[in-house]
Amino acid sequence: MVTNGSPIQGFKFEDCLLKHYVRTQGWLPLCRARKLKVNRGVPEKLRRRIRYFTFCAVGAIDVLMLDVAKVLRPSSGDKFNTVVFFDKDADAVNETQKRIPGAIGFPGNFTDVVLAIDPDEDMHKDRDYLAPPNDETDQYTTRKRQLTLDQRRKFIRTFPFDVINLDLEEFIFKPNDPFPGKVVNALRKVFEWQRLPLPQLNDAPLEGFTLMFTTQIGPPNISDEYVNMLREYLVHNLEADSSLGELLQTKTGVTDVDALKSNQFPTFFKLGVPKLLASILLEEDWFVDSTIGVRTYEFVRESASGPYTILHFVMDIVRQDPPRERRAPNSEPSAGAATAYRDVARRIFEVPEVQVTDSTVAAVELKPTLEQIKARRRLYYPEE
Amino acid sequence: MPKILVHEKALAHLSRGLYRSPASALRELVSNGWDANATTARITTNYPNFFQLSVDDNGDGFSRNDFSRLMGGGIGNSDKRPQQRALINDRPVIGRLGIGMLGIAQICGAFTITSKMKDGTGFRARVNLYDLLKQKLDRDDPEVVTAKEVDVGTYEFDEKFDLSRAKRGTSIVADDVHPTFVRAFQQSLQAPKFKEPPRDWRKALEVFSSVHTIQELGDYWRLLWELSASCPIPYVSSTAVPNGLVRDEQEKLESYNFKVIVDGIELHKPVWLKGNPGGYTARPIPEERLTPYGNTVRFHGYIAVQEGIQLYPDELRGLLVRIKNVAIGYYDPSMLDYRYNEGPRSRWLTGEIFVTEGLEDALNIDRDSFNRFHPQFRAIQEYVHKVLQDDVFPAVYKQIDVRSNARAEVRRVARTDHLSKVLSSVTAERVAIKRAGSRKEVVVKKSSRGIDVSLPAEEQLPTKKTNRPLAAAILAIFELAMKESDPQRKREVFREALLELLAKW
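Residues numbered from 1 in each chain as written. Chains lettered and ligands numbered in written order. Predicted model: local features only at pLDDT ≥ 70, side-chain atom pairs only at ≥ 80, totals over all residues. Heavy atoms only, no water.

Before going further, it helps to examine the overall build of chain B. In terms of helices and strands, chain B carries 12 helices and 16 strands. Relative to its length of 505 residues, chain B is extended, with a C-alpha radius of gyration of 32 Å against a globular reference of 23 Å. Along the first, second and third principal axes, the C-alpha atoms of chain B reach 110 × 50 × 45 Å. Burial status across chain B gives 54% buried among its 505 residues. Pairs at least 24 residues apart make up 69% of the contacts formed inside chain B by residues separated by at least 6 positions. Approximately 23500 Å² of chain B is accessible, and the part contributed by carbon and sulfur atoms is 50%. Across chain B, 74 positive and 66 negative side-chain charges occur, with their mean positions spaced 6 Å apart. (Helix = DSSP H or I, 4+ residues; strand = E, 2+ residues; numbered from the N terminus. Rg over C-alpha atoms; globule rule 2.2 N^0.38 Å. Buried < 20%, exposed > 50% of the residue type's maximum accessible area, 1.4 Å probe, protein only. Contact = heavy atoms within 4.5 Å. Areas by Shrake-Rupley, 256 points an atom, 1.4 Å probe, with all protein chains shown as cover. Lys, Arg positive; Asp, Glu negative; His and termini not counted. Charge placed at Lys NZ, Arg CZ, Asp CG, Glu CD.)

What follows is the structure in structure tokens.
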């Protein structure tokens, strides 16, 4: 069942053990591994801290979990200045910054800021958006435009990240968005900016990063354009690899994508979205590392309007080799990327998603770790 | 008799141009938290981007009705707190709620205020300040100027806000921060000596004292400095000023239990005098009560002089006057217009005057400066100048002599030792140098242990005082050289010894 979940009154998202299971069993191991990858073979003095982007929400549980696990380390001045986050409004950013001091917070609608039109985007010389304009008066609309463009520029400058946690906890597809949707276009931009050079690497780009992506299944009124897009990905996969049909039947009992779409929409969605992500990544010169492929965690949460399903996808991402700058225009993705794409597609059919339920959670000692994280938060923000 | 009236437009102008720095406006909001019995006031600047600014406290909060009254004409009215009550921990009332709230209007066009009281009631409202207010006032724009009143903006309660989500206290979040402010603070991170501010205030104080002026660190550090100097918060320790001069004050400040935290950095007062090789001359200003025109002004404080070395940063130099623990302006390097030129010594001095009663009438409307001809201000000024002139600077001059003599003695011992080594080297015998009473001549004697050389008394050498030690040493070399029998050897010994002596003189 697909609903547009609004929380039950008094429900505290951060206390949800189902979600905490995903954090500790899904996110944390990959972040730990990323930290090791980042500094593998690097002399101790030159090792750098993990750069982390998140929609962490007010509680900042994910950041604090990584702090407790010593994956994210504060600076010598005791600040989380390699953590960048977006939150919906000034209030939320304010609250989050109290809990993870030194983290860099951006207020506003993520997709609106990312997709804001910047006429000087490709100019090498930075334009000073905040300088007083000579031909406009000091009014809200002028100031808003100045600040949005500056915010976007400042956000771009924080790229690239070693870990990106796009924990939307809402729908990837919005019925009112023009196709292919603001989130998809924002992801394109994000993955594009991930190719920016990193000063700590002598201006070299990253070789890879870890991506966590969260979405609800749905929305209930999802438009045909979005559904057809997902359908196309699945059909294309099935056509490209005949053995996938058998896997699909084993997994779902059907061989036909349209039947899957009509009768098992959640499964259709779960199979389609990772392929969408993999395609955007490929388009932006990355690919999903086939070593672990895309791990999917799923749980159902109650809401005032009925239960809804949350999907968490976690994956390691690798830069194509040779990179786009060293490939012919309009050429296919690199050979390694194409192979990995096929392997990852197969694994999505093969490997079942982790169904996180109360019984799954009961098998793991989660409450103590959540309490430990909250204790760390009180250290930074005792008034809470 | 006709009355003299002030047009409300003047007050409206004030709402946009009252404070000289963002820190002054924020200080007013911190003071509101103090008066609301908060134990913590938190300022978040959205560092390093500065797209928003917030001040939160965990105090008593205030009601929707109080807010409406304040916005509906209570701003700047000293009766805005209907019932003045005692504050926790015997805190004195700073009592400025009102115009301070609009101080933030200098840096933003809109803000959201949320307040929740102990009983769980409260409100959230959005305050929108008019754009281009000054221009509208100047042309009597009917949007802001009506026949009866002048308004500076609008507010609207957020009726949908779930107050159970809010914590007790008051929170002001400014989001429409003016680009000029954002730009200035972003640029300040490029200041020549900017460093990432550490969360440990002691480490931050080390950064402050490493620069000549805070401007080298940029506006963000200046904000930290100004807030730390102006808020009623404790020192880093009770020994932050030598001779225990702030011990009592520290005890009192700690008993108030009030913290100010900026971007996770818990501020303390910016004074921390320690480790000066020349020591400190520190004088308490005991509790004093003066009554110019029958009005009582009561104060105490301290003056501390870092002997021989300029205080850094420059902003720590001078005297800071506090009323009820809140600084009025910043350290005044003129020492309240002290009339004597003390040369470099005035750059060694810092001090605080804590006014516990009176002087508020002498405040200018920005509450950042004084009417310097107000009788109460003049009374304090005269008292402090007398302390400086009769006590502090004479003691400093005495200390200069003491240090100067001590340095001369160290130098004398070193030179005597050097002379002994030089003479021992050229004669290949152990030469002991003695200083003998009032003798005019050098005396050289053979002894069982080597050669004893007695230098003439320096005051017996009729040359410039500074040249006398050298003259005595040269005469000693001369006399010792003269003991050689061979004329050529006499010349050699004198030449060799003289050059060696001068090499390290």
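What follows covers the nonpolar core. Ranked by size, the top nonpolar core spans 158 residues in total, and within it Phe173 of chain A together with Phe111 of chain B carry the most contacts. Ranked by the residues each element gives to this core, the list is headed by helix α10 (residues 265-283) of chain A, at 11 residues. (Core = buried A, V, L, I, M, F, W, Y, C linked by side-chain atoms within 4.5 Å.)

Moving on, we come to helix α8 (residues 243-252) of chain A. Residue and element names in this part refer to chain A. All buried positions along α8 are accounted for by Leu244, Gly245, Leu247, Leu248 and Thr252. For α8, the angular spread of the buried residues around the axis is 160°, confining them to a single face. Looking at α8, the residues exposed on the side facing more than 90 degrees away from the buried face are Glu246 and Thr250. In this structure, the buried residues of α8 make contact with α7 (224-240), α9 (257-263), α10 and α11 (335-350). (Arc of directions from axis to C-beta.)

Within the secondary structure, Thr142 of chain A is located in helix α5 (residues 140-157). When neighbours within four sequence positions are excluded, Thr142 of chain A is seen to be in contact with Pro133, Glu136 and Thr137 of chain A.

Below, the discussion takes up the interface of chain A and chain B. Listed by partner, the interface residues are 37 residues for chain A and 35 residues for chain B. Summing both sides of the interface, chain A and chain B together bury roughly 3100 Å²; the carbon and sulfur share of this comes to 48%. It is Lys79, Arg143 and Glu383 of chain A in chain A that bury the most area against chain B; as a group they hold 19% of the surface buried on that side. Along the contact surface separating chain A from chain B lie seven salt bridges. Across the pair Glu383 of chain A and Arg42 of chain B runs a salt bridge whose closest N-O atoms are separated by 2.5 Å. If you list the elements that add at least two residues to the side of chain A that touches chain B, you get α3 (90-99), β3 (104-107) and α5 of chain A. No other element matches α3 of chain A, which puts eight residues into the side of chain A that touches chain B. Its residues assigned to classes, the side of chain A that touches chain B comprises 15 nonpolar, 10 polar and 12 charged. (Buried area = accessible area lost by both parts, 1.4 Å probe. Salt bridge = Lys/Arg side-chain N within 4 Å of Asp/Glu carboxyl O. Nonpolar A, V, L, I, M, F, W, Y, C, P; charged D, E, K, R; others polar.)

Another point: helix α6 (residues 179-188) of chain B. At 3.6 residues per turn, the α-helix brings residues three or four places apart onto the same side. All of the buried residues in α6 of chain B are Pro179, Phe181, Val182, Phe185, Gln186 and Ser188 of chain B. As for α6 of chain B, its buried residues are in contact with α5 of chain A together with α2 (22-35), β2 (53-57) and α8 (219-230) of chain B.

Attention shifts here to the pattern of salt bridges. Counted by the stated rule, this structure contains 64 salt bridges over all chains. Note that Glu170 of chain A and Lys174 of chain A form a salt bridge whose closest N and O atoms lie 3.0 Å from each other. Three or more residues joined by partner-sharing salt bridges are found here, namely Glu14, Glu95, Lys98, Arg99, Arg377 and Glu384 of chain A together with Asp56 and Lys167 of chain B.

As summarised here, the arrangement of the eight strands in space is β5-β4-β3-β6-β2-β1-β7-β8 (chain B), forming an open sheet in which the pairing is mixed. This sheet does not close on itself; its edge strands, each paired only once, are β5 (153-157) and β8 (265-266) of chain B. (Pairing = 2+ DSSP bridges.)

Residues and elements named next belong to chain A. Here helix α1 (residues 17-39) crosses helix α2 (residues 61-68) at 55°, and the two axes come no closer than 11 Å. The orientation of α1 with respect to α2, classified from their angle, is oblique. As α1 packs across α2, the resulting crossing turns out to be right-handed. In contact with His20, Arg23, Thr24, Trp27, Leu28 and Cys31 of α1, α2 contributes Ile61, Asp62, Met65 and Leu66. For the contact of α1 with α2, the residue count by class is six nonpolar, two polar and two charged. (Axes fitted to C-alpha atoms, helices over the stretch in contact; angles between N-to-C directions. Parallel < 35°, antiparallel > 145°, perpendicular 65-115°, else oblique. Left-handed = near helix turned anticlockwise from the far one by under 90°.)

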